[in-house]
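Spelled out, the chains give:
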Amino acid sequence: IQKVPNGIGGLNWENLIVTNNRFYNGEGYINNTISGRYVGYSTSGCPVTIAHGDGFDFYGGYFGIAWRSSAEGEILVVKAWRGDELIDEQEFELSALGPFYFDADYRNITKLELATKHYWQLVVDDILVGVD
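Notes on the structure follow. Predicted, not measured: the structure shown is a model, and the values here were computed from it. (Residues numbered from 1 in each chain as written. Predicted model: local features only at pLDDT ≥ 70, side-chain atom pairs only at ≥ 80, totals over all residues. Heavy atoms only, no water.)

1. Observations regarding the pattern of salt bridges
So, step 1. Throughout the structure, instances matching the rule amount to two salt bridges.
So, step 2. Two residues, Lys 117 and Glu 91, come together in a salt bridge whose shortest N-O distance is 3.3 Å. Of this pair, Lys 117 sits in the loop between strand S8 (100–116) and strand S9 (122–130) while Glu 91 sits in strand S7 (residues 85–93), and the two are 26 residues apart along the sequence.
So, step 3. Classification of Lys 117 by relative accessible area gives partly exposed; the value is 41%.
So, step 4. Residue Arg 107 is joined to Asp 105 by a salt bridge in which the shortest nitrogen-to-oxygen separation is 2.8 Å. (Salt bridge = Lys/Arg side-chain N within 4 Å of Asp/Glu carboxyl O. Helix = DSSP H or I, 4+ residues; strand = E, 2+ residues; numbered from the N terminus. Buried < 20%, exposed > 50% of the residue type's maximum accessible area, 1.4 Å probe, protein only.)

2. Describing the packing of aromatic side chains
So, step 1. Counted under the stated rule, the structure contains nine aromatic pairs.
So, step 2. With a centroid separation of 5.4 Å and an interplanar angle of 85°, the aromatic rings of Tyr 29 and Tyr 41 are classed as edge-to-face. Of the two residues, Tyr 29 sits in helix H1 (residues 27–31) while Tyr 41 sits in strand S4 (residues 38–42), which places them 12 residues apart along the sequence.
So, step 3. Here the aromatic rings of Phe 58 and Phe 102 are separated by 6.4 Å at their centres, their planes lie at 50°, and the arrangement is tilted. Of the two residues, Phe 58 is situated in strand S5 (residues 48–65) and Phe 102 in strand S8; the sequence distance between them amounts to 44 residues.
So, step 4. Taken together, the ring pairs connect Phe 58, Phe 63, Phe 92, Phe 100, Phe 102 and Tyr 106 into an aromatic cluster.
So, step 5. When the ring centre of Trp 81 is taken as origin, the NZ or CZ atom of Lys 111, which lies over that ring, is 4.4 Å away. (Phe/Tyr/Trp six-rings, centres within 6.5 Å; stacked < 30°, edge-to-face > 60°. Lys NZ or Arg CZ within 6 Å of the ring centre and 35° of its normal.)

3. A look at the environment of Phe 58
So, step 1. Overall, the relative accessible area of 0% leaves Phe 58 in the buried class.
So, step 2. In the structure, Phe 58 is positioned 47 residues away from Asp 105 in sequence and 5.9 Å away in space, judged by C-alpha atoms.
So, step 3. With sequence-adjacent residues up to four places away left out, Phe 58 is seen in contact with Phe 63, Phe 102, Ala 104, Asp 105, Tyr 106, Ile 109, Leu 112, Ile 127, Leu 128 and Val 129. (Contact = heavy atoms within 4.5 Å.)

Here it is in structure tokens:
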């Protein structure tokens, strides 16, 4: 279990933890893992931010929720900025039973925020980003 450090993929990361899903027994940690045994989740349900001052591309990723009994149906709020301008905001329902793929295709953004409306732990796997 560790916090994703700044510099991974050339980006700045806040509030994203990566863990081996064998250490967690929540359905969402297991069911929302797409590849391997490692999955990311939001620290204490706090918003995850990914940023790069010169811009980056966010192509998409797989998203779910950690706990079925208390958080099934929680809402993911995705916001993307280019500089100080909010360029897109979308909401999606999450499940602990399996992820959905968000095909974002955001180009040259400077900040991405991934948050849940009620601060439940968001589960994320296979985020695809590009930095020039």
